[in-house]
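Survey of secondary and tertiary structure
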Amino acid sequence: MVEKKKEQKKICITLNVNGKDYTGEVKPHWTLLQVIRDQLGLTGTKYGCGTGECGACTVIMDGKPMTSCLVLAASAEGKKITTIEGISKDGLHPLQEAFIEEGAIQCGYCTPGMILTAKAFLEKNHHPTEEEVRRAIDGNLCRCTGYVKIVKAILSASKKMKAK
Amino acid sequence: MTHEHSEFTVIGRPLPRKDAMEKATGKALYPTGFQLPGMLHAKILRSPHAHAEILGIDTSKAEKYPGVEAVITYKDIPDKRYGYGLNDQPMLARGKVRYIGEPVAAVAARDLDTAEEALELIEVKYKVLPGMFDLEDAFRSDTPVIIHEDYEKYELQFFPPAKMDAKRPNVANHFIIRKGDVEKGFKEADYVLEGKFKTPRQQHVPMEPHAAMARIENDGSVTVWASSQQPSLLTNQISTLLEIPPSKIRVVVPYLGGGFGNKTQLKAEGVCIALARKTGKPVKCSFTREEVNCGTTSRGGTVSRVKIGVMKDGHIVAMENEILYASGAYSGDGFVYSTRGPFEAAGTYKIPNLKLDSYLVYVNEPVSGAFRGFGNPELNWGIEIMISQAADKIGMDRAKFRRMNLLKEGDESGFGEIMHSLGTDVCFDKTVKELKWNEPLAKGKDKWKRGRGIALGNKYSIAPSASYATVKLHVDGAIEVRVSAIEIGQGSNTILAQFAAEYFGLTLDRIKMVVSDTAVTPFDFGTVSSRITYHVGNAIIKACEGLKKQICELAARKMNVKADDLDVKGGKVFSKHDPSKKIDTQDLFSPTLGMGHIGKYAEIGGELISSATFFSKMGKMDPATNQLLNKHDKSCSFWMEIANGAIVDVDIETGEVRLRKFINACDVGQCINPLLVEGQLDGGGVGMGLGLGMWEEMIFKDGKIMNSNFVDYKLPRAADLPAVDDTVSIIVETPHREGPYGAKGIGEATMICTPAAVADAIHDATGVWMTELPMTSEKLYKLLHDK
Amino acid sequence: MSLFRPKEYLRVATISEATGLLKKYGDSAAALAGGTDLLVAKPPHIEYIVDISHLPLNYVEHDAKGVRIGALTTLNEIAASPRLKEEPYDLIAKSTLEMGTPLTKNYSTIGGNLCTAAPSADMPPSLMALDAEARITGPTSKRKVPVCEFFAGPKKSILKKGELLTEIFVPKAPAKTKAVFMKKGRTSEDIAQVNAAVRLTISGGACKTARIILGAVAPTPIRCEAAETMLEGKKLEDISEMAEEVAQVAANNAKPISDIRSSAEYRKAIAKVLVKRSLMCVIEKFGGS
């Protein structure tokens with residue numbers, strides 16, 4: 001006797017990612033993270049834990065950073081989603097420049113999520129204290145840097161972004 | 001802070017990384033991101049039991065599940081085992097499972113959902129056996145559970161070979177140090193103190209989980225994209241397990257999202273290759289975070305005893321250590337770290353009489369493996385606390401006591417070798433200064449009691465080991481460096497490029513790094529043991545010397561001068577005694593038979609390319625004592641020395657500890673790139689070192705991980721750590737006489753003595769000694785409040 | 001099957017659609033709000049995901065009667081809400097600070113925190129200290145339940161099949177009401193080992209109403225009524241003197257378990273410390289020393 005595949009009703013959705021619309025079918029349990037990576041081929045957003053604790057899968061949705069592993073793809077329809085691939089059209093975002101200059105990147109796996117969280121944070125808080133920066137990135141784990149140069153990079157970027 | 005020396009143009013400069021841009025934009029490729037058309041997805045079925053006999057495996061339902069293309073078990077692969085010196089581990093369980101998480105079968109399906117669903121259809125019948133989980137019970141000679149009955153039949157590949165203890169059936173290795181006469185030393189000592197210590201299992205938590213992808217090429221050879229820090233080792237393990245000749249195996253490693261020792265041995269690769277062979281299609285296997293926890297390696301827990309004998313005048317007379325390292329169910333890298341972790345006792349202090357016994361002990365838990373520090377932090381923990389206790393006993397300042405007992409240039413290590421290129425005293429003095437050790441400590445505010453602590457440590461880089469490097473001159477004057485060093489985040493691509501750039505007087509962008517593809521890049525021992533800068537750097541310099549020789553010989557013909565009159569710098573070949581006589585390196589190449597559109601070539605000698613080997617020897621040791629027969633020989637490639645300082649605030653009512661200041665000073669020889677070295681000091685010290693010290697612990701119950709998630713496996717987050725200005729990373733430079741431009745290494749040194757420095761500070765604040773890691777608030781509360 | 005493979009995803013636009021589907025599918029349906037509990041648990045028995053995240057239940061309103069918080073208001077929105085800055089309602093905002101992560105709190109909802117009903121949840125103690133009320137809508141009727149009575153046991157609320165928590169109402173606090181929330185975790189963001197909320201309402205120089213709530217030390221968050229009674233009628237200076245004793249009585253209410261986060265003994269000890277410190281902190285807010 002052959003075990004049959006369970007029937008799951010696929011849903012046709014349109015996702016707006018980095019200003020472009022993508023239409024396709026998703027299963028009810030598929031997360032936004034897996035659709036971004038596997039269906040859309042945007043692998044800048046990373047899988048780290050699948051339970052919303054590490055922040056490697058951070059994307060910005062309607063201006064708010066969120067762990068995409070805890071968002072169902074189906075429920076993300078209608079939101080404006082930004083991934084790391086979409087934050088700079090001409091040249092680098094000040095945060096990307098600051099991360100490079102300050103040496104805030106080592107293995108680079110947490111970097112996209114970290115930069116997106118920082119971007120959303122700095123757009124709301126133009127004069128952050130160090131403590132506020134640390135609180136803001138508390139949901140983004142980094143195993144390489146001890147956060148030291150990441151904090152420095154975000155503070156440095158905040159000055160650049162203020163100047164613009 | 002600059003580490004620039006006027007004689008260097010590129011060495012010592014805080015240059016941004018070569019890979020920073022692609023990582024900042026999300027374009028960098030990691031194993032988890034690879035895809036191939038027609039690729040199948042693999043999932044591994046793992047044992048739910050810590051110790052059980054396999055009575056039968058029925059894969060028939062899974063094989064028929066729609067979308068499944070193959071299922072494999074031990075029946076589909078040769079009866080072989082692998083390991084890291086002691087080959088005790090099967091790729092898929094055969095006959096028995098020995099830990100929860102052990103791979104038993106694997107499925108390849110057209111999509112990931114199908115692979116996951118098919119796993120549930122594989123039926124395995126087990127006969128559960130009693131498990132052994134307690135390290136000290138496993139160590140006993142009358143231990144009730146024997147985990148490897150056939151231990152004596154296993155293949156050994158290490159020199160010196162594993163020393164099992166016939167009286168202790170779960171001991172996989174026993175390493176000793178015998179220097180002087182400890183019994184005599186303890187009799188002479190004015191005071192003898194003893195302590196018992198424990199360290200937990202710590203998971204590396206590389207941010208990127210493991211992944212592998214395998215493709216069988218048309219000629220039957222294998223290409224595997226791997227999460228591997230050691231492609232040569234992986235090639236060897238694949239060759240052994242699947243009976244494929246090494247020349248038919250190609251290992252490609254892109255960037256890795258963190259390594260820390262977690263990605264040394266075969267993990268997903270074997271299963272991918274076996275399934276790719278069975279299906280004829282490429283197969284990819286990506287681990288979940290839970291699989292990283294139970295299905296890869298972690299730092300094994302330890303129990304240790306330290307006994308120290310001191311004189312009233314402050315001299316250490318004798319030290320005795322016994323340490324049990326939990327191996328997990330298989331030896332993993334444990335075979336080597338139980339032999340090398342003991343170096344910690346040998347490399348910091350002058351101890352005339354030293355007796356050490358190190359044991360690797362099997363328990364029915366996931367496999368222990370290499371983890372930054374490689375057995376040293378575990379041993380350092382007990383040693384440093386006893387050093388402080390000894391100082392207190394004789395009424396001497398703890399810093400002063402350490403300083404007077406340090407190994408200095410020309411002293412003998414615990415292995416009897418003459419030590420040189422030591423920067424311990426500089427690391428120490430700078431840490432003491434930063435801590436304002438000799439000034440009164442400001443009091444903590446409100447509920448906080450403040451304390452200050454210091455600790456020292458050392459880390460060797462393993463010998464014997466070897467690296468190759470190949471360097472090539474391109475027609476446009478760029479220099480290509482081919483090495484099998486893995487960019488795990490430490491910055492090897494940049495550092496190694498800096499060596500070639502310095503040698504040829506070029507800027508970094510003129511160096512092309514071709515790394516970690518064994519079709520092209522040469523042998524390397526591996527990106528482990530903080531060895532890449534030193535070994536690959538040296539190999540690159542040697543290869544550059546060879547390349548320069550070729551360049552000069554070719555240029556000599558073109559310029560009509562003697563080759564040994566020529567030098568190469570900044571893209572030019574010039575006469576040493578008349579620098580106006582010069583040509584561009586690009587001009588060494590001629591247009592192809594007058595048809596320039598086909599490209600340029602070197603008229604004689606083939607490519608302008610040179611390879612070199614750099615090999616670090618280990619001196620012969622007396623097997624009865626592990627003392628070097630010749631004290632001018634080396635026990636390792638080089639030593640790194642570290643000092644850590646900490647200021648903590650303790651809330652006596654709750655046991656909560658907050659770190660207010662942290663200092664990490666390390667002697668790296670010549671610093672090649674201070675931006676990258678600081679990154680290592682920050683991450684290893686304040687990140688991982690504090691993690692091990694304060695919060696991280698894999699909690700097991702009967703072999704099952706109870707906290708296999710980041711909710712309950714507590715990693716330090718940004719808000720848990722001290723401010724940037726209070727995190728002081730100090731680079732100390734004591735050039736090493738054999739290092740490339742004097743360089744040594746850094747990676748592992750950064751977390752050797754961090755927990756001990758914090759424990760010292762907690763004792764200063766509260767009068768209480770913590771002896772078990774991690775130092776949680778609950779543990780401290782109990783020590784403070786239990787009467 | 002032990003895998004999360006729901007048959008269907010259903011997005012609803014009205015509350016009655018939601019309650020209708022939740023009633024229809026009963027135990028095999030799950031309401032998806034923020035998703036930060038549901039998509040971590042991934043319960044294999046769930047066949048229908050009812051996405052309620054687009055319902056108009058995201059608001060914080062403040063009027064003469066008190067504060068109304070829509071069940072879908074996210075924790076970050078609560079933390080930043082200008083309508084929750086005034087004492088003692090700021091307690092609710094402060095309770096969010098050490099929960100989850102700054103990212104998940106953009107999606108986690110106050111309703112989700114209550115309905116998941118973990119004994120260690122951080123929102124309930126503050127709400128209970130302010131006598132908050134849970135407003136529930138079912139397929140055919142509505143009801144109101146004090147938050148103190150909302151929890152039936154670990155991870156179990158009193159919601160019946162088809163019911164949806166739609167709003168939390170915090171009644172206008174009497175004048176001279178101050179409250180404090182404290183939490184002990186293992187790191188900066190953690191599930192509480194113990195949490196506590198303490199509220200005092202003073203009238204005529206003496207304590208009129210006291211609320212002492214402890215979380216993570218019993219199957220549900222608990223009111224320590226014996227300790228509260230000790231405080232009624234006492235002057236602030238007296239409360240200061242007896243804080244230790246009151247805290248001990250409160251801690252005696254605690255019946256914690258030992259788990260991987262903490263032993264029962266430690267939880268009891270910390271419960272006492274948190275209650276004592278919270279009391280002293282509330283006294284300080286009143287200007288007492």
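Moving on to the overall build of chain B. When its secondary structure is counted, chain B shows 17 helices and 35 strands. Taken over C-alpha atoms, the radius of gyration comes to 27 Å for chain B, in line with the 28 Å a tight globule of 787 residues would show. Overall, the C-alpha framework of chain B stretches about 90 × 75 × 55 Å when taken along its three principal axes. A total of 787 residues make up chain B; the buried ones form 61% of that total.

Per the secondary structure count, chain C includes nine helices and 14 strands. The C-alpha atoms of chain C give a radius of gyration of 19 Å, which matches the 19 Å a tight globule of 289 residues would have. In terms of overall dimensions, chain C has C-alpha extents of about 60 × 45 × 30 Å along its principal axes. Summarising the internal contacts of chain C: among those between residues at least 6 apart in sequence, 64% fall at separations of at least 24.

Our focus in this paragraph is the interface of chain B and chain A. Every contact between the two is made by 50 residues of chain B and, on the other side, 44 residues of chain A. For the side of chain B that touches chain A, the secondary structure elements donating two or more residues are α1 (20-24), α2 (60-64) and α15 (674-695) of chain B. Counting residues per element, the side of chain B that touches chain A draws most heavily on α15 of chain B, at nine residues.

What follows concerns helix α1 (residues 15-25) of chain C. All names here are of chain C. Taken residue by residue, α1 has Ala18, Thr19, Leu21 and Leu22 as its buried positions. Taken around the axis of α1, the buried residues stretch over an arc of 165°, which confines them to a single face. Gly26, located one to two residues past α1, shows a positive phi value of around 50°.

Quick look at the domain arrangement of chain B now. Residue and element names in this part refer to chain B. Here chain B is described as being made up of domain 1 (39-131 + 210-286), domain 2 (302-463 + 621-785) and domain 3 (465-616). Contact residues are listed per partner, giving 23 residues for domain 2 and 18 residues for domain 3. Split by residue class, the side of domain 2 that touches domain 3 holds 13 nonpolar, seven polar and three charged.

For the rest of this paragraph, the subject is the domain arrangement of chain C. All names here are of chain C. Looking at the assigned domains, one finds that chain C contains domain 1 (8-51), domain 2 (60-171) and domain 3 (177-285). Between the C-alpha centres of domain 2 and domain 3 there is a distance of 20 Å. Listed by partner, the interface residues are 22 residues for domain 2 and 25 residues for domain 3. Examining the composition of the side of domain 2 that touches domain 3, we find that five residues originate from one element, helix α6 (residues 123-129), more than from any other. Looking at the side of domain 2 that touches domain 3, its residues break down into 12 nonpolar, six polar and four charged.

A few words on helix α2 (residues 94-102) of chain A. With respect to burial, α2 of chain A is a largely interior element, seven of its nine residues being buried. What α2 of chain A keeps buried is the set Pro94, Leu95, Gln96, Ala98, Phe99, Ile100 and Glu102 of chain A. Where the residues of α2 of chain A are buried, they touch α3 (111-124) and α5 (148-163) of chain A together with α1 of chain B. In the segment just after α2 of chain A, Gly103 of chain A is the residue with positive phi, at about 75°.

Moving on: the interface of chain C and chain B. Interface extent is often summarised as the accessible area lost during association of the parts. Each partner contributes residues to the interface: chain C has 17 residues there, and chain B has 18 residues. When residues of the side of chain C that touches chain B are assigned to their parent elements, the largest contribution, four residues, is made by helix α9 (residues 264-285) of chain C. Among the residues making up the side of chain C that touches chain B, the classes are represented as eight nonpolar, five polar and four charged.

Moving on, we come to the confidence of the model for chain C. Considering every residue of chain C, the mean pLDDT works out to 96; 99% of them sit at 70 or more. The ipTM assigned to the predicted complex is 0.97, against a pTM of 0.97.

Before going further, it helps to examine the packing of α3 of chain A against α5 of chain A. Residue and element names in this part refer to chain A. One way to put it is that α3 packs onto α5 with a least axis distance of 11 Å and a crossing angle of 40°. Viewed along their axes, α3 and α5 adopt a mutual orientation that is oblique. As α3 packs across α5, the resulting crossing turns out to be right-handed. Within the contact between the two elements, α3 uses Met114, Ala118 and Leu122 and α5 uses Ile150, Ile154, Ala157, Ser158 and Met161. Tallied by class, the residues present in the contact of α3 with α5 amount to seven nonpolar, one polar and no charged.

Residue and element names in this part refer to chain B. The three strands are arranged β23-β24-β25 in an open sheet whose pairing can be described as antiparallel. For this open sheet the edge positions go to β23 (566-569) and β25 (582-584), each flanked by a neighbour on one side alone. Averaged over neighbouring strand pairs, the angle between their axes works out to 20° when direction is ignored. In this sheet, strand β24 (residues 572-575) lies alongside β23 in antiparallel orientation, the contact comprising four bridges. Paired with Lys569 across the two strands is Lys572, which belongs to β24.

Our next topic: the sheet that holds strand β18 (residues 353-362) of chain B. Residues and elements named next belong to chain B. Read from one edge of the open sheet, five strands run β10-β18-β17-β16-β11, paired in mixed fashion. At either end of the open sheet lies a strand with only one pairing partner, and these are β10 (171-179) and β11 (191-199). Strand after strand, the sheet turns through a mean of 10° between neighbouring axes, direction not considered. Across nine bridges, the pairing between β11 and strand β16 (residues 302-310) is antiparallel. Residue pairing across strands places Lys196 opposite Arg305, the latter belonging to β16. Each of β11, β16 and β17 (316-328) is contacted by helix α10 (residues 376-394), which is oriented at about 150° to β11, the strand it contacts most.

All names here are of chain B. Two numbers describe how α10 lies on helix α11 (residues 398-405): the axes approach to 9 Å, and their chain directions differ by 110°. As far as their axial angle goes, α11 and α10 are roughly perpendicular. For the pair α10 and α11, the sense of crossing is right-handed. Contacts from Ile387, Ser388, Ala390 and Ala391 of α10 reach α11 at Arg398, Phe401 and Arg402. When its residues are assigned to classes, the contact of α10 with α11 shows four nonpolar, one polar and two charged.

Most often, soluble globular proteins keep nonpolar side chains buried together rather than apart. Grouped together as the largest cluster of nonpolar side chains are 403 residues, with contacts concentrated most on Cys272, Leu275, Val361 and Ala500 of chain B together with Val50 of chain C. In terms of residue count, the dominant contributor to this core is helix α14 (residues 532-559) of chain B (11 residues). With residues up to four places along the chain from it excluded, the contact list for Ala500 of chain B reads Val471, Ile479, Val481, Ile511, Ile540 and Cys544 of chain B.

On to the pairing of strand β22 (residues 511-515) of chain B. Residues and elements named next belong to chain B. Alternating residues of β22 divide into Ile511, Met513 and Val515, all buried, and Lys512 and Val514, none buried. The pairing of strand β21 (residues 479-483) with β22 spans five bridges and is classified as parallel. Looking at β22, one finds that Val481 is bridged to Met513. Once you follow β21 into helix α13 (residues 492-504) and on to β22, the crossover reads as right-handed.

Cut-off values and rules
- Residues numbered from 1 in each chain as written.
- Chains lettered and ligands numbered in written order.
- Predicted model: local features only at pLDDT ≥ 70, side-chain atom pairs only at ≥ 80, totals over all residues.
- Helix = DSSP H or I, 4+ residues; strand = E, 2+ residues; numbered from the N terminus.
- Rg over C-alpha atoms; globule rule 2.2 N^0.38 Å.
- Buried ≥ 20, exposed ≤ 12 C-beta atoms within 10 Å, placed from the backbone.
- Contact = placed C-beta atoms within 7 Å.
- Arc of directions from axis to C-beta.
- Domains from an automatic or database assignment.
- Nonpolar A, V, L, I, M, F, W, Y, C, P; charged D, E, K, R; others polar.
- pLDDT = per-residue confidence, 0-100.
- Axes fitted to C-alpha atoms, helices over the stretch in contact; angles between N-to-C directions.
- Parallel < 35°, antiparallel > 145°, perpendicular 65-115°, else oblique.
- Left-handed = near helix turned anticlockwise from the far one by under 90°.
- Pairing = 2+ DSSP bridges.
- Core = buried A, V, L, I, M, F, W, Y, C linked by C-beta atoms within 7 Å.
- Right-handed = clockwise from strand over helix to strand, strands pointing away.

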